[in-house]
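What follows is each chain in one-letter form.
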Amino acid sequence: MTTIVSPSGTAALFADLAVRVETDAPLAAHTWFGIGGRADVLVHPMDDASLATLLRRCHQGGIPVRVLGSGANLLVSDEGVDGVVVKLDEPAFREVKANAVGSLEALRAGAGADLAKLVNDCARRGLDGLSPMAGIPASVGGAIRMNAGGRFGSIGDAVHAVALLEPDGSLKVFPAGEIRFGYRETSLPAGVVLWASFALREEDPLKVRERVKEIFSHKKSTQPLAEHSAGCVFRNPRKVGAEGAASNAGHGDTTGERESAGRLIDLAGLKGRSIGGARVSDRHGNFVTVAPGTRTADVEALIRLIRERVRETSGIELDTEVVIWRRGEA
Ligand SMILES: Cc1cc2nc3c(=O)[nH]c(=O)nc-3n(C[C@H](O)[C@H](O)[C@H](O)COP(=O)(O)OP(=O)(O)OC[C@H]3O[C@@H](n4cnc5c(N)ncnc54)[C@H](O)[C@@H]3O)c2cc1C
């Protein structure tokens, strides 16, 4: 049930909480595409308790809540979004604690922590396990929700436990064994990831740094990392006959059970195709890049065109990997 509450009415719901509230807040600068509309209400909680209360009140009031990570897999509609957008960018949510569960190799990171920084910190400390995340822009929470990764591995491979606040504000901690990490998805229920702990291996810091550098160089040579995008727009589709295959091929390894969506887009002759300021990257067919000032409607039109052409040329239906936020659809 969605209750219609004015943005100022919604903001007033949190007046007694330790949160920073912005109304009619532009979201473009919070996303890697750098485009899109505004949030009716953008809330930055200061601590877990305020976040839990906020979630509970929204749940009781039928107010939709969306969580914004680093916006690297997000396309916000030109009309913006209703309800409440929560951003975990205050220090309490960005904390990283080593040895948090009493073991030298364990490390616990708040959902708002920057993944790239975490990867580099681990390399400096001589801890390996998160190196496959090199070059993937994300917050820890967003990376967990998406099971971010690639040909070198996925974040789920290193997870020890995940803490999540459910929509009614209650806290659940899931040991890794209770979570299924699939290809760009997890079995975690709806809610806000609060933190994740990782089981890492001690390793020579120079070796870890070398591995991070190699993986980053590989990404840089194959993806347009300097341009505005949200990474791969489409999920790599399953190869025909691979339906029954094991599904923690979380890596999206296209030599295994999945085809490369980028290759299908290339075969459809779409590399370089543009609508308005949105363009299929020449470097990687599955990346749509945007020029400053591009309308989200143009990106969405290009996404539709790609799906149609790939359907015509290969008979395959592409599903989007990028998360699209539209008013009224939370
Ligand atoms: C240049 C570039 C390269 C990329 N390369 C890769 C790659 O190699 N592999 C890959 O997997 N991805 C890649 N991506 C996509 C992106 O990095 C990942 O999907 C990443 O996990 C997004 O994290 P985020 O924090 O930015 O999440 P957002 O984009 O902010 O959000 C994504 C989803 O996660 C949810 N979410 C965010 N935080 C939380 C939280 N705390 N609790 C619950 N839900 C949350 C959001 O509500 C949304 O549904 C790339 C993106 C770019 C721009």
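Definitions and limits used
Residues numbered from 1 in each chain as written. Predicted model: local features only at pLDDT ≥ 70, side-chain atom pairs only at ≥ 80, totals over all residues. Heavy atoms only, no water. Near = heavy atom within 4 Å. Polar contact = N/O pair within 3.5 Å; in protein donor to acceptor, adjacent residues only side chain to side chain. Areas by Shrake-Rupley, 256 points an atom, 1.4 Å probe, with all protein chains shown as cover. Helix = DSSP H or I, 4+ residues; strand = E, 2+ residues; numbered from the N terminus. Nonpolar A, V, L, I, M, F, W, Y, C, P; charged D, E, K, R; others polar. Salt bridge = Lys/Arg side-chain N within 4 Å of Asp/Glu carboxyl O. Buried < 20%, exposed > 50% of the residue type's maximum accessible area, 1.4 Å probe, protein only. Pairing = 2+ DSSP bridges. Axes fitted to C-alpha atoms, helices over the stretch in contact; angles between N-to-C directions. Parallel < 35°, antiparallel > 145°, perpendicular 65-115°, else oblique. Contact = heavy atoms within 4.5 Å. Phe/Tyr/Trp six-rings, centres within 6.5 Å; stacked < 30°, edge-to-face > 60°. Lys NZ or Arg CZ within 6 Å of the ring centre and 35° of its normal. Domains from an automatic or database assignment. Expected span 1.5 Å × (residues − 1). Arc of directions from axis to C-beta.

K.L.:
Even after reading the chapter, I still don't get the site of the ligand, so can you show me in this structure?
P.N.:
Contacts to the ligand come from 33 residues, most closely from V67, P137, S139, G149 and K219. Between the ligand and S70 there is a distance of 2.7 Å, counted from an oxygen atom to a side-chain nitrogen or oxygen. Within the side chain of S139, one N or O atom sits 2.6 Å away from an oxygen atom of the ligand. Protein contact buries 94% of the 970 Å² of open area that the ligand shows by itself. Elements represented by at least two residues in the shell around the ligand include exactly strand 3 (65-68), helix 4 (140-146), strand 15 (192-199) and strand 20 (323-325). With five residues, the single largest contributor to the shell around the ligand is helix 4. When the residues that make up the shell around the ligand are grouped by side-chain class, the tally is 18 nonpolar, twelve polar and three charged.

K.L.:
Which parts of the structure should I look at to understand the pattern of salt bridges?
P.N.:
Between side chains of opposite charge, a pair can form when the charged atoms approach closely. Under the counting rule described, the total for this entry stands at 23 salt bridges. Among the salt bridges present, the one from R279 reaches D282, with a minimum N-O distance of 2.6 Å. Looking at R279, the relative accessible area reads 34%, which means it is partly exposed. For D282, a relative accessible area of 47% corresponds to the partly exposed category. The closest approach of N and O atoms between R307 and E317, which form a salt bridge, is 3.2 Å. Here R307 is found in helix 7 (residues 296-314), whereas its partner E317 is found in the loop between helix 7 and strand 20, with ten residues between them in sequence. One continuous salt-bridge network, built from bridges that share partners, spans R307, R311, E317 and D319.

K.L.:
Any chance you could explain the pairing of strand 2 (residues 38-45) here in plain terms?
P.N.:
Looking along a regular strand, one sees the side chains alternate between the two faces of the sheet. Along strand 2, seven of the eight residues are buried, which leaves the element largely enclosed by surrounding structure. As judged from the seven bridges shared by strand 1 (residues 19-26) and strand 2, these two strands associate in the antiparallel manner. Bridge assignment links P26 to a residue of strand 2, and that residue is R38.

K.L.:
How should the packing of helix 3 (residues 115-125) against helix 5 (residues 205-222) be read in this particular structure?
P.N.:
The axes of two packed helices give the description: the angle between them and the distance between them. At their nearest, the axes of helix 3 and helix 5 sit 7 Å apart, and the two run at 150° to each other. The angle between helix 3 and helix 5 falls in the class roughly antiparallel. Contacts between helix 3 and helix 5 pair V119, N120, A123 and R124 from the former with P205, V208, R209 and V212 from the latter. Residues of the contact of helix 3 with helix 5, tallied by class, amount to five nonpolar, one polar and two charged.

K.L.:
Where do I start with the packing of aromatic side chains in this structure?
P.N.:
Any pair of aromatic rings gets described here by the distance separating the centres and the angle formed by the planes. In total, this model carries zero aromatic pairs according to the counting rule given. Across the ring face of W325, the terminal group of R66 is positioned such that the distance to the ring centre comes to 6.0 Å. The ring of W195 has R108 lying over it, and the distance from NZ or CZ to the ring centre is 4.1 Å.

K.L.:
Looking at this structure, I do not really get the domain arrangement of the protein. What am I missing?
P.N.:
Size of an interface: often given as the accessible area lost when the parts come together. Along its sequence, the protein is carved into domain 1 (8-91), domain 2 (94-208) and domain 3 (226-325). Using only C-alpha atoms to locate each centre, domain 2 and domain 3 end up separated by 26 Å.

K.L.:
Is there a simple way to think about helix 5 in this case?
P.N.:
The periodicity of an α-helix, 3.6 residues per turn, causes residues three or four places apart in sequence to face the same way. In this model helix 5 runs 26 Å from its N-terminal to its C-terminal C-alpha over 18 residues, within 8% of the 26 Å that 1.5 Å per residue would give. Taken together, the buried positions of helix 5 are V208, V212, I215 and K219. Projected down its long axis, helix 5 carries its buried residues within an arc of 70°, all on one side. Exposed and facing more than 90 degrees away from the buried side of helix 5 are L206, K207, K213, E214, K220 and S221. On its buried face, helix 5 is in contact with helix 3 and strand 8 (127-128).

K.L.:
What is the right way to read the sheet that holds strand 7 (residues 106-110) from this model?
P.N.:
Taken together, five strands build an open sheet; the order of strands is 6-7-15-11-12 and the sheet is antiparallel. In this open sheet, the two edge strands, each paired with only one partner strand, are strand 6 (96-98) and strand 12 (171-175). Taken pair by pair, the neighbouring strands of this sheet meet at an average axis angle of 15°, ignoring direction. The sheet contact formed by strand 11 (residues 159-165) and strand 12 spans five bridges and is antiparallel. Bridging across to strand 12, A161 finds its partner in P175. The strands touched by helix 3 within the sheet are strand 6, strand 7 and strand 15, with strand 7 carrying the most contacts at an inclination of about 155°.

K.L.:
Can you help me understand the environment of S281 in this one?
P.N.:
Tracing the backbone through its elements, the reader meets S281 in the loop between strand 18 (278-280) and strand 19 (288-290). A distance of 3.0 Å separates a polar side-chain atom of S281 from the backbone nitrogen of R283.

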